[in-house]
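# Structural characterization, general
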Amino acid sequence: MALFPSNFSATFLNHTPSRPSISASFSKTPLLPWRNGRSNSLNLRFLPPPFHLLHPLQISPISCRFSSPPSSPSPVDLGPKLDKLPAALEISETQEPNSRVRLSVGVPPAVCEDCRSRTIAEFMKQAKIPGFRPGKKVPESILESYVGKDNIQKAIVESILKRTLPHAMSSVEGRALKDSVRITSKFADLEDTFSSQGSLRYDIVVDIAPEVRWVPENGYRNLKVVVEIDNEINAQKASEQELKRRHKSLSILRIVTDRGLQIGDVAVIDISATTIGEDQSVGQKIPSAESKGYNFDTEDGDKVLPGFVDSLIGIQRGETKSFPLVFPESWKQEDLRGVHAQFTVECKELFYRELPPLDDSLADKLLPGSTTLEQVKEALLQRCLEVEQTAKDQATDNAILDQLCKMVEVDIPQSIFEEEGRQLYGAKLLQIQANMKLNEQQLAILSSPKAVKEYLDNQEDNIKHVIKQNLAVGDIFKRENLQVATDELMKEVENSIAEFKRSKQEYDEERVQEQVQDILEGAKVLEWLREHAEIEYITH
């Protein structure tokens, strides 16, 4: 249960810097897609409409895409056997940054003439020219005047490209990534060259599967990981807090009439805050620290800005207090770290709790099905122990993955970067949509190319970090010859498709299977690494 409204908690709740540790809430949310590989369902990142519009688009004279972009590197499949050409192509390959290859393709006159003849024959076959029976040979001069010389030239050049492109791509077969092929030569220039020389030369750029380099080689086999765990957070303490929360939920609130606020009370307060300058002058408002009619439980003081509760002790109904506080350097919002602020709080209402006796008579209300208080305590403790272990496992996995990133060097292709970034952004939009129910106009703005590009630019380091983790894990899976059982894969695919159907979301079965495969492979790798790594747990 959220203790503060969303527009308030971002600033006011105390968050510690991100690190691999067990969080106070024992969150089960996976940080990576394969983290749920151990549970009964998988967390797929397949995006239903309208987020499919976020997938990368290629702009080129002809369509060079072979299939939908994958969530992990997959080589291009050139499909059926290549059509035999009357002469060999001249192909030169140049390595470029970010695992990209440039192919310069020279098409000799013999191939161009063969493509020209085929195109003319096709036009004659399909064109319905007055005075000529369908399929009858038509003089080219008449065909040109009827169809248009420019249209014929365009069709010939396109025919050359479509016919020779698979041959050119055969030099990178098994290495080229899906949806990354792009002809960079301008179509107009190709038309001019063909018209004047009867031959053609064009350039292709294509991303290839990146090479993962381990420093040191096979360093993951001797992995040493340190996992930090907060010693203040444990299952015993969490279960006690949960019991206290449930007990409080059964209380009756009574109005305080003869005293000020004390620990244990609940106050309805209005809060505002402004920054304080070095000269003690009042600065700007802090919108995220404002709240109206907020129900504040004084026993939740450890979750708010240090000093806030102490500053409110003694305040009475109808009274307003103003006091200065400083945001600590560990504050999650970087722009507020170390900021001096003046808080103003008005107490609208003040209540105290009338708690029922905590004994066996409350057992069934505290936990349905229980008959004694001891049963309640034991059941809550077991639940918290399970969540604590899950949090510990997640902290371990995060520490392992962070360590892997430090040991690998890889040139990330732009197509993989954009695809991963769009996947992450799409997942973020889905979460926003679930929390806020965006309308069509808001969705259109957030799904626009400009919004996506801003996200890719701002989150570049984070996106590359995730990609390095994915590539490192995939490389370990292959090196160690790990396997995913077919029945396990099929079962998870069926579960995932069933979930899409229940949610009435569109899905692509092949895409779902690819992502389930990735998730299960990641889970196998993490399991292998935990068994072979030297893991040290430290508390702080």
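Quick note: structure is the one above.
Our subject in this report is the structure included herewith.

So, how was this worked out
- Residues numbered from 1 in each chain as written.
- Predicted model: local features only at pLDDT ≥ 70, side-chain atom pairs only at ≥ 80, totals over all residues.
- Heavy atoms only, no water.
- Helix = DSSP H or I, 4+ residues; strand = E, 2+ residues; numbered from the N terminus.
- Buried < 20%, exposed > 50% of the residue type's maximum accessible area, 1.4 Å probe, protein only.
- Pairing = 2+ DSSP bridges.
- Phe/Tyr/Trp six-rings, centres within 6.5 Å; stacked < 30°, edge-to-face > 60°.
- Axes fitted to C-alpha atoms, helices over the stretch in contact; angles between N-to-C directions.
- Parallel < 35°, antiparallel > 145°, perpendicular 65-115°, else oblique.
- Contact = heavy atoms within 4.5 Å.
- Nonpolar A, V, L, I, M, F, W, Y, C, P; charged D, E, K, R; others polar.
- Salt bridge = Lys/Arg side-chain N within 4 Å of Asp/Glu carboxyl O.
- Core = buried A, V, L, I, M, F, W, Y, C linked by side-chain atoms within 4.5 Å.
- Arc of directions from axis to C-beta.
- Patch = residues over 30% accessible without salt bridge, like charges linked within 9 Å, V, L, I, M, F, W, Y side chains within 5 Å.
- Areas by Shrake-Rupley, 256 points an atom, 1.4 Å probe, with all protein chains shown as cover.
- Lys, Arg positive; Asp, Glu negative; His and termini not counted.
- Charge placed at Lys NZ, Arg CZ, Asp CG, Glu CD.
- Expected span 1.5 Å × (residues − 1).
- Polar contact = N/O pair within 3.5 Å; in protein donor to acceptor, adjacent residues only side chain to side chain.

Right, let's talk about unusual backbone geometry for a bit. The omega torsion of the bond from V215 to P216 falls at 0°, within 30 degrees of zero and hence cis. Turning to its location among the elements, P216 is positioned in the loop between β5 (213-214) and β6 (224-229). With a phi angle near 55°, S99 is a residue other than glycine that sits in the positive phi range. As for its placement among the helices and strands, S99 is situated in the loop between β1 (90-96) and β2 (100-107). Classification of S99 as buried rests on a relative accessible area of 9%. The phi torsion at D179 lies on the positive side, around 65°, for a residue other than glycine. Structurally, the position occupied by D179 is in the loop between α4 (149-169) and β3 (182-183). According to the relative accessible area criterion, D179 is buried, its value standing at 3%.

Strand order in the open sheet formed by 4 strands is β1-β2-β4-β3, and the pairing between neighbours is antiparallel. With partners counted over all chains shown, the strands left at the sheet margins are β1 and β3, one partner each. Across 8 bridges, β2 lies against strand β4 (residues 200-207) in antiparallel orientation. By the bridge assignment for β4, R102 is matched with V205.

What follows concerns the packing of aromatic side chains. Applying the stated criterion across every chain yields a total of 10 aromatic pairs. An angle of 65° between the planes, with centres 5.9 Å apart, marks the rings of F308 and F323 as edge-to-face. Within this pair, whereas F308 is found in helix α7 (residues 308-312), its partner F323 is found in strand β11 (residues 320-326), the two being separated by 15 residues in sequence. With a relative accessible area of 0%, F308 lands in the buried category. Where Y425 meets Y455, the ring centres are 4.9 Å apart and the plane angle is 45°; that geometry is what we call tilted.

On to the packing of helix α3 (residues 140-147) against α4, then. Running from N to C, α3 and α4 point in directions that differ by 100°, and their axes come no closer than 6 Å. Between α3 and α4, the angle is such that the two are roughly perpendicular. Seen from α3, the contacting residues are L143, E144 and V147; seen from α4, they are K149, N151 and I152.

The subject of this paragraph is the packing of helix α10 (residues 414-436) against helix α12 (residues 449-458). Where α10 contacts α12, the two axes come as close as 10 Å, and the packing angle between them is 110°. With respect to α12, the axis of α10 lies roughly perpendicular. Only A451, V452, Y455 and L456 of α12 make contact with α10, whose side of the interface consists of F417, E418, G421, R422, L424, Y425 and K428. Across the contact of α10 with α12, the residue classes tally to 7 nonpolar, 1 polar and 3 charged.

The next point concerns the side chain of T119. Mapped onto the elements of the fold, T119 is located in helix α2 (residues 109-126). We classify T119 as buried; its relative accessible area is 8%. Once you skip the residues sitting within four places of it in the chain, T119 turns out to touch A155, I156 and S159.

Attention now goes to the pattern of salt bridges. When the charged atoms of two side chains with opposite charge come close together, those side chains can pair. As enumerated under the stated definition, the model contains 34 salt bridges in all. Close ionic contact of E90 with R201 constitutes a salt bridge, the shortest N to O distance being 3.2 Å. You can see E90 sitting in strand β1 and its partner R201 sitting in strand β4, a full 111 residues away along the chain. We classify R201 as partly exposed; its relative accessible area is 42%. Salt-bridge contacts for E242 lead to R245; the nearest nitrogen and oxygen are separated by 2.7 Å. Taken together, the residues span about one helical turn, with E242 and R245 both in helix α6 (residues 235-249) at a distance of 3 residues. On the accessibility criterion, E242 (21% relative accessible area) is partly exposed. By relative accessible area, R245 is classed as partly exposed at 41%.

With that settled, the discussion passes to the nonpolar core. With 47 residues, the main nonpolar core has W214, L223, L404 and L529 as its most contacted residues. Look past the residues within four positions of W214 in its chain and what remains in contact with it is G219, Y220, L404, M407, V408, A472, D475, I476 and R479. In terms of nonpolar packing, the next biggest core, distinct from the first, is built from 32 residues, V105, V107, I156 and F187 among them.

As judged from the 7 bridges shared by β1 and β2, these two strands associate in the antiparallel manner. Note that in β2 the partner of T94 across the bridge is R102. Between β1 and β2, which pair antiparallel in sequence order, lie 3 residues; one of them, N98, sits at a positive phi of approximately 60°.

Moving on, we come to the environment of G264. Along the chain, G264 turns up in the loop between β7 (252-255) and β8 (266-276). Judged by its relative accessible area of 16%, G264 falls in the buried class. Considered as a pair, G264 and T298 are 34 residues apart in the sequence and their alpha carbons are 5.7 Å apart. If sequence neighbours within four positions are ignored, G264 has contacts with T298, E299 and R353.

Our next topic: α12. If you check which residues of α12 are buried, you get A451, V452, Y455 and L456. Seen end-on, α12 carries its buried residues on one side only, within an arc spanning 135°. Opposite the packed face of α12, turned more than 90 degrees from it, sit the exposed residues P449, K450, K453 and N458. Buried positions along α12 lie against α10, α11 (440-446) and α13 (460-479).

Attention shifts here to a negative patch on the surface. A surface patch of negative charge is lined by D359, D360, E374 and E378. Here D360 is to be found in the loop between β12 (340-354) and α8 (363-366).

Look at α6: 21 Å from first C-alpha to last across 15 residues, which is about the 21 Å you get at 1.5 Å a residue. Along α6, the residues classified as buried are A235, A238, S239, L243, R246, H247 and K248. Close packing links the buried residues of α6 with β10 (291-297), β12, α8 and α9 (373-407). One side-chain oxygen at the N-terminal end of α6 lies 3.2 Å from the backbone nitrogen of Q236; it belongs to N234.

Structural measurements only, silent on function.
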